[in-house]
Every structure is written in structure tokens, then in C-alpha cells.
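Single-letter residue listing:
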Amino acid sequence: MSDDCLFCKIAAHEIPAEIVLENDHVVAFRDIAPKAPVHVLVIPRAHVANVAEAAAQAPDQLAAMAAAAQQIADDECGGQFRWIFNTGERAGQSVFHAHGHVIGGRDLDWNPA
Ligand code: AMP
């Protein structure tokens, strides 16, 4: 855990969030500013900056993130969803703890999260 990381604090239940799924590997919670009827952030428990670091340093957790994303979509939007990882400030990343945006519940055009 990183002491100054918002998402580490959510994973530790130190900051409130609407958690929809959690297990030993991942935590998933609703985005505070949803862009679609379903907009959930899936994070690894490990503090890694982005999806590439997750793959390199915590591959089991990245696999668990994919399973969690599918589970959330199965539960909430018929199993169909977009999974977005903004990587770097110019790509729109604002929180530097890896997170996949699970977006669904409506027809999706090209509308980056
Ligand atoms: P990104 O811009 O890809 O780094 O995504 C960060 C996401 O975190 C944004 O969609 C924010 O709306 C969301 N966010 C920021 N703070 C919180 C929070 N306290 N609880 C839930 N979602 C948050």
C-alpha cells in the first residue's frame, strides 16, 4: 500500500466508496463521476501505477481484474462492456494506481472515459 494513494485507501476501506466486488486480488467500486449507467473501477490490491506494471508485477491480480470486470458486466449489463485503461496524463490518467474502467449499460460509441 502507498500511503498517499487514493485507491489504496479505498481498497483498505479508509475512504468510502460504493464497493461492488472485492476478493484477495481486486477491489471494484463505482466511479464517482459515472460516464454510463454502469461505470465501475476495478483495481488490483497491489499498488502499481498502470496496467503494464500490473502485468509485470502482479499478473495474477491482472487476471483477477479481467474476471471481476466480466462478473460485474454479467451482473449489471448483460455481460457486454468496454474496459478502458488510461495510461499516462496525456491519455487522461488522473489516478496513478492501475484501474480498469468497466463501462456499460448503454450503446457505446467512441466516447473515452
Ligand atoms: P483516470 O482518469 O483514468 O485516472 O480515472 C480515474 C477515475 O477515478 C475518474 O473516472 C474519477 O471519476 C474516479 N474517481 C476519482 N476519485 C474517486 C473516488 N473517491 N471514488 C470513486 N471514483 C473516483
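Our subject is the structure that appears above.
Caption draft 1: Quick look at the pattern of salt bridges. Taken as a whole and judged by the stated rule, the model has three salt bridges. Between E76 and R30 there is a salt bridge, with the nearest N and O atoms lying 2.9 Å from each other. One end of the pair, E76, is in helix α3 (residues 59–76); the other, R30, is in strand β2 (residues 26–30), and 46 residues separate them in sequence. Of the residues examined, E76 reaches a relative accessible area of 32% and is grouped as partly exposed.

Caption draft 2: Structural detail: the site of the ligand. Among the 16 residues in the neighbourhood of the ligand, the closest are listed as D31, N86, G92, S94 and H101. Backbone polar atom of V95 to an oxygen atom of the ligand: 3.0 Å apart, as the coordinates give it. A distance of 2.9 Å is found between an oxygen atom of the ligand and a side-chain nitrogen or oxygen belonging to H99. Within the complex, the protein chains bury 84% of what would otherwise be the 500 Å² of accessible surface of the ligand. Put simply, the parts of the chain that give the shell around the ligand at least two residues each are α1 (6–11) and β2. When residues in the shell around the ligand are grouped by element, the largest group, three residues, is from α1. Taken together, the residues of the shell around the ligand break down into eight nonpolar, six polar and two charged.

Caption draft 3: Fine view of the packing of aromatic side chains. A complete count under the given rule lists two aromatic pairs for this structure. Ring centres 5.2 Å apart and planes at 75° place the aromatic pair F7 and F29 in the edge-to-face group. Of this pair, F7 sits in helix α1 while F29 sits in strand β2; the two residues are 22 residues apart in sequence, bridging distant segments of the chain. Among the residues examined, F7 registers a relative accessible area of 5% and is labelled buried. Between W83 and F85, the aromatic rings sit 4.8 Å apart at their centres with planes inclined by 65°, giving edge-to-face as the arrangement. By relative accessible area, which is 29% here, W83 ends up partly exposed. According to the relative accessible area criterion, F85 is partly exposed, its value standing at 22%.

The rules we used
- Residues numbered from 1 in each chain as written.
- Predicted model: local features only at pLDDT ≥ 70, side-chain atom pairs only at ≥ 80, totals over all residues.
- Heavy atoms only, no water.
- Salt bridge = Lys/Arg side-chain N within 4 Å of Asp/Glu carboxyl O.
- Helix = DSSP H or I, 4+ residues; strand = E, 2+ residues; numbered from the N terminus.
- Buried < 20%, exposed > 50% of the residue type's maximum accessible area, 1.4 Å probe, protein only.
- Near = heavy atom within 4 Å.
- Polar contact = N/O pair within 3.5 Å; in protein donor to acceptor, adjacent residues only side chain to side chain.
- Areas by Shrake-Rupley, 256 points an atom, 1.4 Å probe, with all protein chains shown as cover.
- Nonpolar A, V, L, I, M, F, W, Y, C, P; charged D, E, K, R; others polar.
- Phe/Tyr/Trp six-rings, centres within 6.5 Å; stacked < 30°, edge-to-face > 60°.

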